[in-house]
Amino acid sequence: MFRIWSIVRGVSILLGLLLLVVSILWVEATRTSKVCSLVDIVINGNEAQHFVSKATLHEKITEQCGAPVVGQPLHALKTHFIENTIKSNSFVRRGIVYKNLRGHLKVIVTLKQPIARVLLENASGKYIDEQGELLPLSDYCTARVPIVTVETLPRIAGNLCESAHGANVLKLLRYINGDPFWQAQIAYIHIDTQGKILMHTQVSKQCVEFGYPEDIERKFDKLLLFYQKIVPHKGWNTYKRVNLEFARQIICE
């Protein structure tokens, strides 16, 4: 009885291995004979800030492959090279490319997200993304983000995180970008030669003297207090200057 059971188990294992080999060969044969029927590009992120179009990415993929992708043998498409082509775009953070059994080339792209636009003297403007990197302007889309001007160019050169001051400026920009109210209210930011911050708002006419980009949350709490407690009694345009630099003080003039 034991011998019969061993034979049955051995035959079952052999049949299972045979089925696995046949399946692998069938999948490989199918993959080899199948042609690409669709290039499916998905761009993640805020659609209003897609600085790269699907058409542009499709064109780059076509250039890399040397011919239209649709109709090419699926096995001939080198996903690694296509990914590198996509990632070479300045606005692309991540790119994933793979093929499925339906004959589709799937392209999933995550874009960098600009949080400010810096205007540099004697140079073209650039965007600052959420990681502090400077990005070129886009012909495809314009981001509605605060404008930043800088009196000392070396303070922003390449990536904000290259200096302690730049890293603090990035924290400030992230804070503004992460709050819908401040994102809508802060229109213009100036960094003077000392590295201090001056802000101009959308609604009122005050110049907000923020000081160095430190104690960011505390200073914005004071500015919010100004809008909630002082403005309703004095009027939006009574004061021309609001200073937040000093602890436990709001100086209005």
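Residues numbered from 1 in each chain as written. Predicted model: local features only at pLDDT ≥ 70, side-chain atom pairs only at ≥ 80, totals over all residues. Heavy atoms only, no water.

**Structural notes on the pairing of strand 8 (residues 186-191)**
Here strand 7 (residues 147-150) pairs with strand 8 via 4 bridges, running parallel. Bridging from a neighbouring strand, Thr 149 pairs with His 190 of strand 8. By the bridge criterion, 5 bridges tie strand 8 to strand 9 (residues 197-201) in an arrangement that is antiparallel. Residue pairing in the sheet places His 190 in a bridge with Leu 198 of strand 9. (Pairing = 2+ DSSP bridges. Helix = DSSP H or I, 4+ residues; strand = E, 2+ residues; numbered from the N terminus.)

**Details of the sheet that holds strand 4 (residues 114-119)**
Read from one edge of the open sheet, 9 strands run 6-5-4-7-8-9-10-11-12, paired in mixed fashion. Of all strands in the sheet, those bounded by a partner on one side alone are strand 6 (134-136) and strand 12 (251-252). Packed onto the sheet, helix 6 (residues 216-234) meets strand 9, strand 10 (207-211), strand 11 (241-243) and strand 12 and runs at close to 155° relative to strand 10. (Contact = heavy atoms within 4.5 Å. Axes fitted to C-alpha atoms, helices over the stretch in contact; angles between N-to-C directions.)

**As for unusual backbone geometry**
Phi is positive for Asp 215, which is not a glycine, with a value near 50°. Structurally, Asp 215 is set in the loop between strand 10 and helix 6. In this structure Asp 215 comes out as partly exposed when scored by relative accessible area, which is 49%. (Buried < 20%, exposed > 50% of the residue type's maximum accessible area, 1.4 Å probe, protein only.)

**Describing the packing of helix 2 (residues 54-65) against helix 3 (residues 79-87)**
At their nearest, the axes of helix 2 and helix 3 sit 10 Å apart, and the two run at 135° to each other. Comparing the axis directions of helix 2 and helix 3 gives the class oblique. Both helix 2 and helix 3 take part in a crossing whose hand is right-handed. Contact residues: Leu 57, Lys 60, Ile 61, Gln 64 and Cys 65 in helix 2; Phe 81, Ile 82, Thr 85 and Ile 86 in helix 3. Here the contact of helix 2 with helix 3 is composed, by residue class, of 6 nonpolar, 2 polar and 1 charged. (Parallel < 35°, antiparallel > 145°, perpendicular 65-115°, else oblique. Left-handed = near helix turned anticlockwise from the far one by under 90°. Nonpolar A, V, L, I, M, F, W, Y, C, P; charged D, E, K, R; others polar.)

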